[in-house]
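Single-letter residue listing:
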Amino acid sequence: FEDEYITVCIKPQGIASEDSPNEKGIIGLLSERAGQNLHLLHRLDRNVSGVMVFANNKQGAAVLSKAIAEGRLKKEYLAVCDGFPQEDKGVFEDLLFKDSRKNRSYVVKRIRKGVKDASLEYEVLQKAKEKSMVKVLLHTGRTHQIRVQFSSRKLCLTGDIKYGSKDRT
């Protein structure tokens, strides 16, 4: 979808959200196609597919960034995890530390430099063969948040080897 304010697309799995020196991400590919500089408002991990929203100008980016910061835009995800949460609905609240050198985040016990609150709510939609499909609503947007919070509870996202999944499917 495109109008004068925003561009919305489905980012395929395997493509980065942002450009890097070695490859174009979805923003670069779309900017090339649209002939304009799109403004990135949020990211999806390379191994995740989903809807992304871009602003077509600085004013639109400011308005949408403010809406995200104020919680007026919801970030919902579907994920498959190894195992079953203890409850079919719940909230995970943790302290997350991001190690930029390792491009990895960790659940930690106490506040220190670089630690931020992380909160999400989930609902189990389906259970089958030792896996659960969950709907996740982010309250905060931390690096690898869903992956880290589920992994810390021995509920690795299926195929997420970085955070402990043994299943490569």
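Calculation rules
- Residues numbered from 1 in each chain as written.
- Predicted model: local features only at pLDDT ≥ 70, side-chain atom pairs only at ≥ 80, totals over all residues.
- Heavy atoms only, no water.
- Helix = DSSP H or I, 4+ residues; strand = E, 2+ residues; numbered from the N terminus.
- Buried < 20%, exposed > 50% of the residue type's maximum accessible area, 1.4 Å probe, protein only.
- Contact = heavy atoms within 4.5 Å.
- Lys, Arg positive; Asp, Glu negative; His and termini not counted.
- Charge placed at Lys NZ, Arg CZ, Asp CG, Glu CD.
- Pairing = 2+ DSSP bridges.
- Axes fitted to C-alpha atoms, helices over the stretch in contact; angles between N-to-C directions.

A. Structural detail: the overall build of the protein chain. A tally of regular secondary structure across the protein chain gives 3 helices and 8 strands. Written out in order from the N terminus, the α and β elements of the protein chain read β-α-β-β-α-β-β-β-β-β-α. In terms of overall dimensions, the protein chain has a C-alpha envelope of 50 × 35 × 30 Å along the principal axes. Residue burial in the protein chain is summarised as follows: out of 169 residues, 38% are buried. For the protein chain, restricting intrachain contacts to residue pairs at least 6 apart in sequence, the fraction spanning at least 24 positions comes to 55%. Taking the average place of the 31 positive charges on the side chains of the protein chain and the average place of its 22 negative ones, the gap between the two points comes to 6 Å.

B. Region of the structure containing the environment of Phe92. You can see Phe92 is positioned in strand S5 (residues 89-99). For Phe92, a relative accessible area of 6% gives the class buried. For the pair formed by Phe92 and His139, sequence separation is 47 residues and the distance between their alpha carbons is 10.0 Å. Ignoring sequence-local partners within four residues, the contact set of Phe92 consists of Ala118, Ser119, Leu120, Tyr122, Gln149, Phe150, Arg153 and Leu155.

C. Representation of the sheet that holds strand S6 (residues 104-108) in the model. Pairing within the open sheet is antiparallel, and its 5 strands lie in the order S4-S8-S7-S5-S6. Edge positions in the sheet fall to strand S4 (75-82) and S6, since each has one partner strand and no second. When strand polarity is set aside, the average angle formed by the axes of neighbouring strands in this sheet is 45 degrees. Both S4 and strand S8 (residues 131-138) contribute to a ladder of 8 bridges, which runs antiparallel. Opposite Leu78, over in S8, you have Lys135 as the bridge partner.

D. Here's a closer look at the sheet that holds strand S1 (residues 6-11). If you walk across this open sheet you meet the 3 strands as S1-S3-S2, and the pairing is antiparallel. Of all strands in the sheet, those with a lone pairing partner are S1 and strand S2 (39-40), marking the two edges. Relative to strand S3 (residues 50-55), S1 runs antiparallel, the two sharing 6 bridges. By the bridge assignment, Val8 is partnered in S3 with Val53. Here helix H2 (residues 58-69) sits on the sheet and contacts S1, S2 and S3; the angle it forms with S3, its principal contact strand, is near 125 degrees.

In short, the description is geometric, and any link to function would need to be established separately.
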